[in-house]
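Commentary on secondary and tertiary structure
In case you want the letters, here they are:
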Amino acid sequence: MKYCKTCHVHYDTPIDHCILCNGELESEGSEVLTYKFSEMQKKPASRLFIRIFYFLNIVSVIVSLYLDFADGLPLEWSLIVSITNLYAIAMFITLTVPTIWTSKLTKSIILTVLSVILIGLSIRDYAWAIDIVFPFVVLSNILIITILILANKKKWFDYFSSLLVITIIGLIPGLLNLFRVTTLQWPSLICFAYSAFTLIGIFILPSKSSREEFKRRFHI
Amino acid sequence: MKKKKYWYKLDNAGKIFPAVSKDDRSNVFRLSFYLNETIDPIILEDAVNKILPRFEPFAVQLKNGLFWNYFAFNERKVVVEPEPAQLCKYFKPDHNRGFLFKVYYLDNKITLETFHAITDGSGALHFLKSIVYHYFKLRGIKIDHEGKILSEKPMSKKESEDNFVTNYDKDKRRNLKEEKAYHLEGERFNHHWVLFVKAKVQSKDLIQLVKTKYQCTITQYMTAVLAYSIFKETVDFVGKKKPLKIFVPVNLRPYFDSVTLRNFSLYIKATYDSERTDWTFENMLELTKAQYKDQLDKDKLQSRISSLVGFEKNVFLRVMPLFLKTIAFKIGYKILGESISSTSISNLGLVDVPSGFKGLVTDIDFVNAGYGLAMTLISLEHQTNVILSTPLKDISIINHVISMFVKDGLDLVLDTNYKEGYDEIL
């Protein structure tokens, strides 16, 4: 052990100076002292690159909007750049937050569809985004999760939230059809029907375990 | 019989932690046992996974519901890891196979770090004692458990019970208004590193001191020592309108005949006026004793339990979707939770281990890394460890606490995680 004659305390740590008074410690006996903790290593500033990434994207949004606005014409290309910049930030956050990959996939698909629609709106030509991209992307997501559930029944409750969210979103193209926002009807109708049947299936065909899952997910 | 699938609602104490935890506020606490031999990680992992199904509240993963988080059973295997340099390090359950605790090893030390959402110190201690017992068992060391190792007892449904809810009494609710407290501020160590200073003292010397010189309990003495040290060593406390408030978690199990492994503790607080300039250690101790006596009353504790549970039964709060609740909890905790306490003292008391552990388990740690400064106490056999942990670089309060112990005639052996050269890194 070691001893600090100023503070009158013993140490069983292999340090040479008292942490309280910084005085030199005296050795007591020949016992070999060991450090009982993992040693701290100097860490690189990993978040610096992430901050630079955010910063550059935000600068890009501001500069593009300013330049486009300064031209005096209606904003167009700058909106596409800005949406892409914000999409990059949102996707980065979505993919780096730890969660199961089906949840990441669903969130990524929602973000992508949203960005595509916004780009369509910014170029005043959104029919392709709403008529084709939106229903087909959502359809494929529901299909992937359904296949996953059928292939891995044991873990179906892990995919439950994603399936519920995406099927509810899948009803939107049908509503857009109803309010005549879409021009091409069949992709939206297929998406609506598939989502509606999946949703009905979730509620109408529950097994004992899925009833339990509902109880867990919706407990108040 | 063990259930294969189960789920729990989060208990009252645990509900807020998933929303408000982050790197510098991990809400993780540490318990470590030092053995007389180097730890074999393969055997340790085996021991943890053998007993895990017996401890249902630990074998869970956190899931999101539409209105609340909940715990669902977790059938994965735990992987033990080498102990990191940061104490009570924040971890994301998704990076930990969904589990809300971690088991570390380092030389002769087994460490359990637990996220406060699943349990408190008493629950985690049962789990760690069982891990260590099974570790010895797998090493071929036969020890009589003497009824002190939970994994050797039959499982009880009561262990998974939410005793906040079972002790809720609608008629005992009262308004829990809290004024803001003085805060310890200062430069912090880098990388969320927390300084650990352990003062080892002979339990009989400490008991003798508090009984004969001060006629109080160990926790009351420690509370007054810490309060007086803060009063003496801070330059901005006196004259500030905010009082010093030391929070002391109370294990509610003995009061309400509970055996739950889930959270079942509640804070009482010692409050000291900042406008008073003539504080002495003696009058701080007298005030501490009076406040403990007043608050450690079963009816008052139940009244606070009822108020807290009553809050979560609020219809408006219940129907609020989880993502809005998370935002509300973050804001609420920032405004109310953090600001109502200055520091905390947590005493786990004497750890009741089988006599066969004697010589095999040589030391024990209990660390609760909070912001500012945290004091924890734990005793094993004849030794009591008083552990002070802080993310702040200014250690004048720790210095004062130690010097008060020395002045009171206690013979101290210090241990620390600080190393020469750390000033360059931290």
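Of the regular secondary structure elements, chain B holds 13 helices and 15 strands. Over its C-alpha trace chain B gives a radius of gyration of 21 Å, about what one expects of a compact globule, namely 22 Å for 426 residues. Seen along its three principal axes, the alpha-carbon backbone of chain B occupies a region of about 60 × 55 × 45 Å. A buried classification covers 43% of the 426 residues belonging to chain B.

The next point concerns the sheet that holds strand β6 (residues 101-106) of chain B. What links the strands of a sheet is backbone hydrogen bonding, and the strands pair in either a parallel or an antiparallel sense. Residues and elements named next belong to chain B. Strand order in the open sheet formed by five strands is β5-β6-β7-β2-β12, and the pairing between neighbours is mixed. Each of the sheet's edge strands pairs with one partner strand only, and the pair in question is β5 (81-82) and β12 (361-368). Strand contacts of helix α3 (residues 121-138): β2 (28-35), β6, β7 (109-115) and β12, with the helix running at about 145 degrees to β7, the strand carrying the most contacts.

Attention now moves to the pairing of strand β11 (residues 343-350) of chain B. Residue and element names in this part refer to chain B. Counting buried positions along β11 yields six of eight residues, so the element is predominantly enclosed. With two bridges connecting them, strand β9 (residues 244-251) and β11 associate as parallel partners. In the sheet register, Ile246 faces β11, and the bridge partner there is Thr343. Bridging between β11 and strand β13 (residues 374-380) involves five bridges; their strand directions are parallel. Opposite Asn347, over in β13, you have Leu377 as the bridge partner.

Residues and elements named next belong to chain A. Looking at the assigned domains, one finds that chain A contains domain 1 (1-38), domain 2 (47-98) and domain 3 (100-220). Inter-centroid distance (C-alpha atoms) of domain 2 to domain 3 is 27 Å. Residue-level contacts link nine residues of domain 2 with nine residues of domain 3.

This part is about the domain arrangement of chain B. Residues and elements named next belong to chain B. Each domain of chain B was delimited in the assignment, giving domain 1 (7-160) and domain 2 (178-425). The distance between the C-alpha centroids of domain 1 and domain 2 comes to 22 Å. Between domain 1 and domain 2, the residue contacts involve 54 residues of the former and 48 residues of the latter. Among the secondary structure elements, those contributing two or more residues to the side of domain 1 that touches domain 2 are α1 (17-20), β2 and α3. Of all the elements, α3 adds the most residues to the side of domain 1 that touches domain 2, at eight residues.

This part takes up the pairing of strand β3 (residues 60-64) of chain B. The side chains of a regular strand alternate, residue by residue, between the two faces of the sheet. Residue and element names in this part refer to chain B. Counting buried positions along β3 yields four of five residues, so the element is predominantly enclosed. Pairing between β3 and strand β4 (residues 69-73): five bridges, direction antiparallel. When the sheet's bridge partners are listed, Leu62 is paired in β4 with Phe71. Hairpin geometry of β3 and β4 is characterised by an intervening segment of four residues between the two adjacent antiparallel strands.

So, on to the interface of chain B and chain A. The interface is formed by 39 residues belonging to chain B together with 29 residues belonging to chain A. Class assignment for the residues of the side of chain B that touches chain A results in 22 nonpolar, eight polar and nine charged.

Another aspect to go through is the sheet that holds β4 of chain B. Residue and element names in this part refer to chain B. Taking strand neighbours across the sheet as the criterion, the three strands line up as β1-β4-β3 in an open arrangement whose pairing is antiparallel. Every other strand in the sheet has two partners, leaving β1 (7-9) and β3 as the edge strands with one partner each. This sheet shows a mean twist of 30 degrees between the axes of neighbouring strands, independent of strand direction. Pairing between β1 and β4: three bridges, direction antiparallel. Counted as the bridge partner of Trp7 is Ala72 from β4.

On to the confidence of the model for chain A, then. On average, chain A scores 87 in pLDDT, and the residues at 70 or more come to 96%. Averaged pLDDT values for the elements of chain A fall to 76 in helix α8 (residues 208-218) of chain A and rise to 96 in strand β2 (residues 9-11) of chain A.

Glancing now at the nonpolar core. Of all hydrophobic cores here, the largest spans 115 residues; its most connected members are Ile131 and Ala227 of chain B. Among the elements that line this core, the one with the most residues is helix α6 (residues 218-233) of chain B, at 10 residues. Val116, Val138, Phe160 and Phe192 of chain A belong to the second-largest nonpolar core, a separate cluster that totals 14 residues.

Here helix α5 (residues 203-214) of chain B spans 16 Å end to end across 12 residues, near enough to the 16 Å set by a 1.5 Å rise per residue. After α5 of chain B finishes, the residue Gln215 of chain B shows a positive phi value of roughly 45 degrees.

A few words now on the confidence of the model for chain B. Of the residues in chain B, 98% reach a pLDDT of 70 or more, and the chain-wide mean stands at 92. Scored as a whole, the predicted complex attains pTM 0.87, and scored at its interfaces, ipTM 0.90.

We now examine the environment of Tyr292 of chain B. Residue and element names in this part refer to chain B. Examined against the element boundaries, Tyr292 turns out to sit in helix α8 (residues 281-295). The spacing of Tyr292 and Thr219 is 73 residues in sequence and 9.7 Å in space, taken between C-alpha atoms. Those residues in contact with Tyr292, other than ones at most four positions away along the chain, are Gln220 and Ile268.

The rules behind the values
Residues numbered from 1 in each chain as written. Chains lettered and ligands numbered in written order. Predicted model: local features only at pLDDT ≥ 70, side-chain atom pairs only at ≥ 80, totals over all residues. Helix = DSSP H or I, 4+ residues; strand = E, 2+ residues; numbered from the N terminus. Rg over C-alpha atoms; globule rule 2.2 N^0.38 Å. Buried ≥ 20, exposed ≤ 12 C-beta atoms within 10 Å, placed from the backbone. Pairing = 2+ DSSP bridges. Contact = placed C-beta atoms within 7 Å. Axes fitted to C-alpha atoms, helices over the stretch in contact; angles between N-to-C directions. Domains from an automatic or database assignment. Nonpolar A, V, L, I, M, F, W, Y, C, P; charged D, E, K, R; others polar. pLDDT = per-residue confidence, 0-100. Core = buried A, V, L, I, M, F, W, Y, C linked by C-beta atoms within 7 Å. Expected span 1.5 Å × (residues − 1).

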